[in-house]
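Residue strings, one per chain:
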Amino acid sequence: MATSGSTERFYATGRRKTSTARVWLTPGSGKMTVNKLEFIDYFGREVLKLLVEQPFEAVDAVSKFDVVAKVKGGGKSGQAGAMLLGIARALIDFDPEFRSALKKHKFLTRDPREKERKKYGQPGARKRFQYSKR
């Protein structure tokens, strides 16, 4: 729990694939800013907006917090997933009572799936060169 001036801010970090999101929550009107841009201007897709707002819906806190996020790495979908985890963690920092509701919806679990590395002597991570019998 961090305080700056008279306004309380709650900070958390979320990760997904190769994306990292640093999220600050302040009690407010529901305004979301990502990398100094409006949320919809940054992500562009309504699906990602719905994904990021899920933790607020789970704890019945829609439009009660302003979100400022700095995201980097990966693509837009991974960044949105990182924001979801960061928001969920920051909500717990605000009120530990939210933990059970967020855990029920699996918003506190970091998705461990990463890109598999390419293996030497092969064209890709799993792909093999074509087998020729003759």
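Summarised in this report is the structure supplied together with it. Keep in mind the model is a prediction, meaning the values are calculated, not measured. (Residues numbered from 1 in each chain as written. Predicted model: local features only at pLDDT ≥ 70, side-chain atom pairs only at ≥ 80, totals over all residues. Heavy atoms only, no water.)

## Remarks on a positive patch on the surface
A surface patch of positive charge is lined by Arg22, Lys36, Lys70 and Lys72. Looking at the element boundaries, Lys70 is found in strand β6 (residues 65-72). (Patch = residues over 30% accessible without salt bridge, like charges linked within 9 Å, V, L, I, M, F, W, Y side chains within 5 Å. Areas by Shrake-Rupley, 256 points an atom, 1.4 Å probe, with all protein chains shown as cover. Salt bridge = Lys/Arg side-chain N within 4 Å of Asp/Glu carboxyl O. Lys, Arg positive; Asp, Glu negative; His and termini not counted. Charge placed at Lys NZ, Arg CZ, Asp CG, Glu CD. Helix = DSSP H or I, 4+ residues; strand = E, 2+ residues; numbered from the N terminus.)

## Observations concerning the packing of aromatic side chains
For the structure shown, the criterion picks out seven aromatic pairs. Seen in terms of ring centroids, Phe10 and Phe94 are 5.2 Å apart; in terms of plane orientation they differ by 80°. Their pairing is edge-to-face. With Phe10 in strand β2 (residues 7-16) and Phe94 in helix α3 (residues 76-94), this residue pair connects regions lying 84 residues apart in the sequence. With centroids separated by 5.0 Å and ring planes inclined at 50°, the aromatic side chains of Phe39 and Phe43 adopt a geometry described as tilted. Of this pair, Phe39 and Phe43 both sit in helix α1 (residues 39-43), four residues apart, which is roughly one turn of that helix. In this structure Phe39 comes out as buried when scored by relative accessible area, which is 4%. Here the aromatic residues Phe10, Phe56, Phe65, Phe94 and Phe98 are joined through ring pairs into a cluster of three or more. (Phe/Tyr/Trp six-rings, centres within 6.5 Å; stacked < 30°, edge-to-face > 60°. Buried < 20%, exposed > 50% of the residue type's maximum accessible area, 1.4 Å probe, protein only.)

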